[in-house]
Amino acid sequence: MNYKTSLLVLIIIAAYLVSPSYSNAQAKFVGSKTCGVCHKTEKQGQQLKIWSESKHSQAYKTLLSAKADEIAMKKGGKKAAETPACLKCHVGDNALVESAFKEEGVQCETCHGAGSEYKAMKVMKIKADAIGKGLTDHKDVSKFCVTCHNADSPTFKGFKYEEMVKKIAHPTPKG
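Residues numbered from 1 in each chain as written. Predicted model: local features only at pLDDT ≥ 70, side-chain atom pairs only at ≥ 80, totals over all residues. Heavy atoms only, no water.

Engineer: How would you sum up the pattern of salt bridges? Please name residues and give values.
Structural biologist: Per the counting criterion, the structure on display carries five salt bridges. Between Glu53 and Lys49 there is a salt bridge whose closest N-O contact spans 3.4 Å. The exposed category is assigned to Glu53, whose relative accessible area is 59%. For Lys49, a relative accessible area of 42% corresponds to the partly exposed category. The partner of Glu70 in a salt bridge is Lys74, and the shortest N-O contact between them spans 3.4 Å. Here Lys74 and Glu70 lie together in helix α5 (residues 66-74), a separation of four residues that amounts to about one turn. Look at Glu70 and you get partly exposed, because its relative accessible area is 39%. (Salt bridge = Lys/Arg side-chain N within 4 Å of Asp/Glu carboxyl O. Buried < 20%, exposed > 50% of the residue type's maximum accessible area, 1.4 Å probe, protein only. Helix = DSSP H or I, 4+ residues; strand = E, 2+ residues; numbered from the N terminus.)

Right, here's the structure in full:
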């Protein structure tokens, strides 16, 4: 390999290593208020209002009750708000539980992933770009919902997906 070819290979490798490509590890949680800056308007389907009036927004708070602690203790846990099995459905994954947004309960990023990399309007305008930057696009929403809404929950009373999804529906914004 000659000098010019070697130099070109090194430049390509260096460019690849320092490129700003998306990595899930670099994404940070931004919270529902940040998402709500755009997703509160009529044009954007009022998702912030829909969420704030839903039981999802209160999910963490339900873990702060004596009844929740009693249930957690029976399951071999400690306080419900400290029990991973409770937190995974009342907040989300461990990274969200450890974030500053735990008390928001089941919020935007519980379902859609940490938003720091896709929150910008220029990214969100093109769905493929947003997905490329970490927006979770559930191919089967019902399958995702039943990861929490199922008989493993000690308070499960059945889950009627078609009925419940209407309560948190995300109207498609019209351009």
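Engineer: I'd love a proper account of unusual backbone geometry, names of residues and values included.
Structural biologist: Even without glycine at this site, Gln46 takes up a positive phi of about 50°. Exposure remark for Gln46: the relative accessible area of 28% places this residue in the partly exposed category.

Engineer: Requested: an account of α5, with residues and values cited.
Structural biologist: An α-helix turns once per 3.6 residues; consequently, residues spaced three or four apart project the same way. Within α5 the residues assigned to the buried category are Ala68, Asp69, Ile71 and Ala72. One side of α5 carries all its buried residues, which in axial view fall inside an arc of 160°. In α5, the exposed residues that point more than 90 degrees away from the buried face are Ala66, Lys67 and Lys74. Residues of α5 that are buried make contact with α4 (59-62) and α6 (84-90). (Arc of directions from axis to C-beta. Contact = heavy atoms within 4.5 Å.)

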